[in-house]
Amino acid sequence: MARITSFEQYQEQYKKSVDNPEAFWAEQAEQFTWSKKWDKILNWNFTEPKIEWFAGGKLNITENCLDRHLPEKADQVAYYWEPNEPTEKAVQLTYKQLHEEVCKFANVLKKNGTKKGDRVCIYMPMVPELAIALLACARIGAVHSVVFGGFSASALSGRIQDCDCKIVVTSDGAYRGAKAIPIKAVADEALEICPGVEKVIVLNRTGSEINMVAGRDVLWEDEIKMVNADCPAEQMDAEDMLFILYTSGSTGKPKGVVHTCGGYMVYTHYTFENVFQYPSSGGVYWCTADIGWVTGHSYIVYAPLLAGATSVMFEGVPTYPDAGRFWQVIDKYKVNIFYTAPTAIRALEASGLGFVTPYKLDSLKVLGSVGEPINEEAWTWYHENIGKGKCPIVDTWWQTETGGILISPLAGITKTKPSFATLPLPGVQPILVDEKGNEITGNGVEGNLCIKFPWPSIIRTTYGDHERCRQNYFATYPNLYFTGDGCKRDEDGYYRITGRVDDVMNVSGHRIGTAEVESAINMHIDIVESAVVGYPHDIKGQGIYAYVICTNSKKDAETLRKEILAEVTKMIGPIAKPDKIQIVTGLPKTRSGKIMRRILRKVAEGELNNLGDTSTLLDPMVVEEIKAGAIK
Ligand code: PRX
């Protein structure tokens with residue numbers, strides 16, 4: 001089926017995808033290389049849940065990302081890699097070179113004992129070898145579990161243990177803006193409590209001094225010299241696991257979202273080509289996400305390669321060496337499609353137009369946004385100053401659990417509206433429900449966003465704990481996948497995501513559970529109890545506000561604050577550091593002992609006179625104290 005090129009075609013495809021989803025997705029799947037065709041297109045129920053797409057089909061996603069393109073695109077660039085430091089040499093990899101590197105590293109993994117089904121933890125900076133490592137795992141049927149390089153040793157060890165990784169791939173160090181990060185030292189600390197890890201493969205990125213553990217650690221550079229580039233692709237069942245990616249929920253520890261091979265491949269590819277209108281909007285694509293998050297998995301690694309696109313991959317940050325870095329890179333590579341997060345847009349807007357005007361930006365055709373709601377002001381700034389008023393903005397709504405984009409305009413086809421993700425993609429059937437799960441029909445309404453039919457890249461399970469997957473996503477409302485997001489549907493039927501309705505925060509586009517931050521804060525010896533909520537933040541979208549009860553420690557508030565920040569950095573990573581910490585003597589609790597977060601949220605938002613009903617509180621005086629000490 002050809003790419004959608006008009007709004008009428010979108011409507012036709014949408015209708016077809018709802019009337020006959022199986023035929024619709026089978027047609028999409030036909031274009032790929034399968035060593036055996038599927039037996040059944042779709043099996044599903046949302047009760048267990050059990051979801052299978054293309055069951056019985058055999059394939060390897062890397063053959064579809066790489067080998068399939070070699071006859072025509074061997075010498076086309078797959079990745080332009082732009083280093084953190086503009087003066088360092090950039091690297092480019094053609095499809096042929098990437099294929100070779102992936103096969104070689106796949107052989108390195110095998111040589112070090114990795115087998116089909118084994119979990120491999122990847123903890124690396126944004127270097128080409130990171131993409132190579134993911135693809136090498138997929139080549140041999142190993143399951144990658146990438147952990148964002150900004151997570152702490154404690155967060156890393158938790159993820160390694162949860163899915164029982166045998167192998168870790170990491171680097172000596174990492175560069176991020178003006179900072180150098182000792183990645184290997186963090187990994188070593190994590191591995192002290194991970195006896196199941198047998199091998200660590202270390203890439204030399206910064207040339208820094210590192211400790212190598214004899215018998216366990218080997219160097220990427222040494223290993224790669226010992227293997228050849230011949231690595232047949234392991235044939236996987238469509239429903240075999242492709243990767244695990246940890247993400248935060250409203251309770252407990254982060255959970256390992258599982259995606260499988262066939263459906264993920266078909267869906268990410270379909271959405272990439274249609275949302276960004278690749279290739280008609282131009283051949284050079286840049287997604288600024290980190291591969292440590294789902295956006296990087298789907299829209300830096302898999303989908304662009306499946307589509308045979310040329311991508312820019314960037315190691316650094318938007319503000320280093322200055323706030324013109326993104327725009328300079330766009331001009332350097334003549335980027336046509338640019339995909340970034342609202343938090344970056346807001347930060348760059350705040351730096352002033354002086355960093356934008358030196359650049360032409362005339363190669364741009366399509367702009368994308370992902371990860372959090374984009375406010376109207378940021379949308380307009382992006383549209384006018386970066387897109388020069390002529391590039392459509394695709395505000396793409398999706399989640400780690402959805403694998404690919406679910407609600408988004410199609411570039412140049414769907415009429416956009418600032419801060420609206422607009423309409424569901426073909427195959428996606430959203431519904432809004434009230435608290436009790438009753439469907440809210442019609443337009444001009446608001447409710448909790450659910451999806452009522454499976455799309456090919458929907459979450460299959462949470463690793464090692466299927467019940468948790470059921471509880472989290474399929475138990476709130478029977479027979480519906482619950483997203484955790486609130487949503488409006490306006491008079492035109494357009495969807496606008498309003499943010500999480502559970503205890504999950506979205507800080508600079510990073511998903512962080514309040515429970516995780518609380519348990520990190522509670523590790524501090526002087527803290528008795530804490531409660532964490534999100535509040536609106538001009539740049540980050542949401543900031544973190546922590547209320548803490550401490551023992552009679554003699555420490556002054558500033559020392560305590562610094563220590564709490566250090567504790568959170570140690571347990572999770574710097575991204576989860578609270579912006580505001582208020583010391584309190586009690587928390588607003590109901591008679592049954594439940595913290596009334598609604599009140600804490602209102603205080604954090606500065607709405608002190610609009611706290612709603614507080615009559616069910618055990619001790620209403622606590623609220624007065626909290627109001628009096630609220631941090632502006
Ligand atoms: O609240 C929604 C928000 O990010 C959450 C998913 O986070 P994560 O799994 O980390 O994946 C982020 C990248 C896909 C969602 O539940 N979110 C994501 N995209 C948007 C968004 N909120 C509003 N508009 C978006 N375009």
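Residues numbered from 1 in each chain as written. Predicted model: local features only at pLDDT ≥ 70, side-chain atom pairs only at ≥ 80, totals over all residues. Heavy atoms only, no water.

**A word on the packing of helix 7 (residues 153–162) against helix 8 (residues 183–191)**
Two quantities define a packed helix pair, namely the angle between the axes and the distance from one axis to the other.
(1) Moving on: Contact geometry of helix 7 with helix 8 gives a least axis separation of 8 Å together with a crossing angle of 55°. Classified by the angle their axes make, helix 7 and helix 8 are oblique. Crossing angle aside, the handedness with which helix 7 passes helix 8 is right-handed. The segment helix 7 lies against helix 8, with Ala153, Leu156, Ser157 and Ile160 engaging Val186, Ala187, Glu189, Ala190 and Leu191.
(2) Moving on: Along the lines of polarity and charge, the residues of the contact of helix 7 with helix 8 split into seven nonpolar, one polar and one charged. (Axes fitted to C-alpha atoms, helices over the stretch in contact; angles between N-to-C directions. Helix = DSSP H or I, 4+ residues; strand = E, 2+ residues; numbered from the N terminus. Parallel < 35°, antiparallel > 145°, perpendicular 65-115°, else oblique. Left-handed = near helix turned anticlockwise from the far one by under 90°. Contact = heavy atoms within 4.5 Å. Nonpolar A, V, L, I, M, F, W, Y, C, P; charged D, E, K, R; others polar.)

**With respect to the pairing of strand 8 (residues 167–171)**
(1) Moving on: Summarising burial for strand 8: five of the five residues are buried, a large majority.
(2) Moving on: Where burial is concerned, the two faces of strand 8 agree: the one with Ile167, Val169 and Ser171 and the one with Val168 and Thr170 are both buried.
(3) Moving on: Here four bridges tie strand 6 (residues 119–123) to strand 8, and the two strands are oriented parallel to one another. Looking at the pairing, tyrosine 123 lines up with threonine 170 of strand 8.
(4) Moving on: Across five bridges, the pairing between strand 8 and strand 11 (residues 199–203) is parallel. Looking across to strand 11, one finds that serine 171 is bridged to leucine 203. (Buried < 20%, exposed > 50% of the residue type's maximum accessible area, 1.4 Å probe, protein only. Pairing = 2+ DSSP bridges.)

**As for the sheet that holds strand 7 (residues 143–146)**
(1) Moving on: Reading across from one edge, 12-11-8-6-7-14-15-23 is the order of the eight strands in this open sheet, with mixed pairing throughout. Single-partner strands in this sheet number two, and they are strand 12 (217–219) and strand 23 (461–462).
(2) Moving on: Across four bridges, the pairing between strand 6 and strand 7 is parallel. Directly across from arginine 119, in strand 7, lies its bridge partner valine 143.

**Observations regarding the site of the ligand**
(1) Moving on: Neighbouring the ligand are 17 residues; Asp395, Thr396, Thr400, Asp485 and Arg511 lie closest to it.
(2) Moving on: Here threonine 400 contributes a side-chain N or O atom positioned 2.6 Å from an oxygen atom of the ligand.
(3) Moving on: Within the side chain of aspartate 485, one N or O atom sits 2.6 Å away from an oxygen atom of the ligand.
(4) Moving on: Taking 540 Å² as the accessible area of the ligand by itself, protein coverage stands at 95%.
(5) Moving on: Put simply, the parts of the chain that give the shell around the ligand at least two residues each are helix 11 (294–306), strand 20 (393–396) and strand 25 (495–500).
(6) Moving on: Its residues assigned to classes, the shell around the ligand shows six nonpolar, six polar and five charged. (Near = heavy atom within 4 Å. Polar contact = N/O pair within 3.5 Å; in protein donor to acceptor, adjacent residues only side chain to side chain. Areas by Shrake-Rupley, 256 points an atom, 1.4 Å probe, with all protein chains shown as cover.)

**Concerning unusual backbone geometry**
(1) Moving on: Going from glutamate 48 to proline 49, the amide bond is cis rather than trans, its omega being -5°.
(2) Moving on: Note on placement: proline 49 falls in the loop between strand 1 (40–45) and strand 2 (50–55).
(3) Moving on: Following tyrosine 320, the chain continues to proline 321 via a peptide bond in cis, the omega torsion being -5°.
(4) Moving on: Structurally, proline 321 is set in the loop between strand 17 (310–314) and helix 12 (325–333).
(5) Moving on: Even without being glycine, serine 508 reaches a positive phi, approximately 50°.
(6) Moving on: Here serine 508 lies in the loop between strand 26 (504–507) and strand 27 (510–513).
(7) Moving on: Using a relative accessible area of 22% as the deciding quantity, one classes serine 508 as partly exposed.

**Section: the confidence of the model for the protein chain**
(1) Moving on: Averaged over all residues, the pLDDT of the protein chain is 97; the fraction at 70 or higher stands at 100%.
(2) Moving on: Mean pLDDT values over the elements of the protein chain span from 93, in strand 10 (residues 179–181), up to 99, in helix 6 (residues 128–140). (pLDDT = per-residue confidence, 0-100.)

**Details of helix 13 (residues 342–351)**
(1) Moving on: Where burial is concerned, most of helix 13 is hidden: seven out of the ten residues are buried.
(2) Moving on: Among the residues making up helix 13, those that are buried are Pro342, Thr343, Ala344, Ile345, Arg346, Leu348 and Glu349.
(3) Moving on: At the C-terminal side of helix 13, glycine 352 shows a positive phi close to 100°.

**Quick notes on the pattern of salt bridges**
(1) Moving on: Counted according to the given criterion, the structure contains 35 salt bridges.
(2) Moving on: Between arginine 470 and glutamate 467 there is a salt bridge whose closest N-O contact spans 2.8 Å. Taken together, the residues span about one helical turn, with arginine 470 and glutamate 467 both in helix 15 (residues 466–474) at a distance of three residues.
(3) Moving on: Residue class for arginine 470 comes out partly exposed when judged on its relative accessible area of 24%.
(4) Moving on: For arginine 500, the salt bridge identified is with aspartate 502, shortest N-O distance 2.7 Å.
(5) Moving on: Judged by its relative accessible area of 22%, aspartate 502 is partly exposed. (Salt bridge = Lys/Arg side-chain N within 4 Å of Asp/Glu carboxyl O.)

**A look at the sheet that holds strand 24 (residues 481–489)**
Picture the strands of a sheet paired through backbone hydrogen bonds; they go either parallel or antiparallel.
(1) Moving on: Spatially, the four strands line up as an open sheet ordered 21-22-24-25, and their pairing is antiparallel. The strands lining the two open edges of the sheet, one partner per strand, are strand 21 (430–433) and strand 25. Across the sheet, the mean angle from the axis of one strand to that of its neighbour is 45°, orientation sign disregarded.
(2) Moving on: As judged from the six bridges shared by strand 22 (residues 445–451) and strand 24, these two strands associate in the antiparallel manner.

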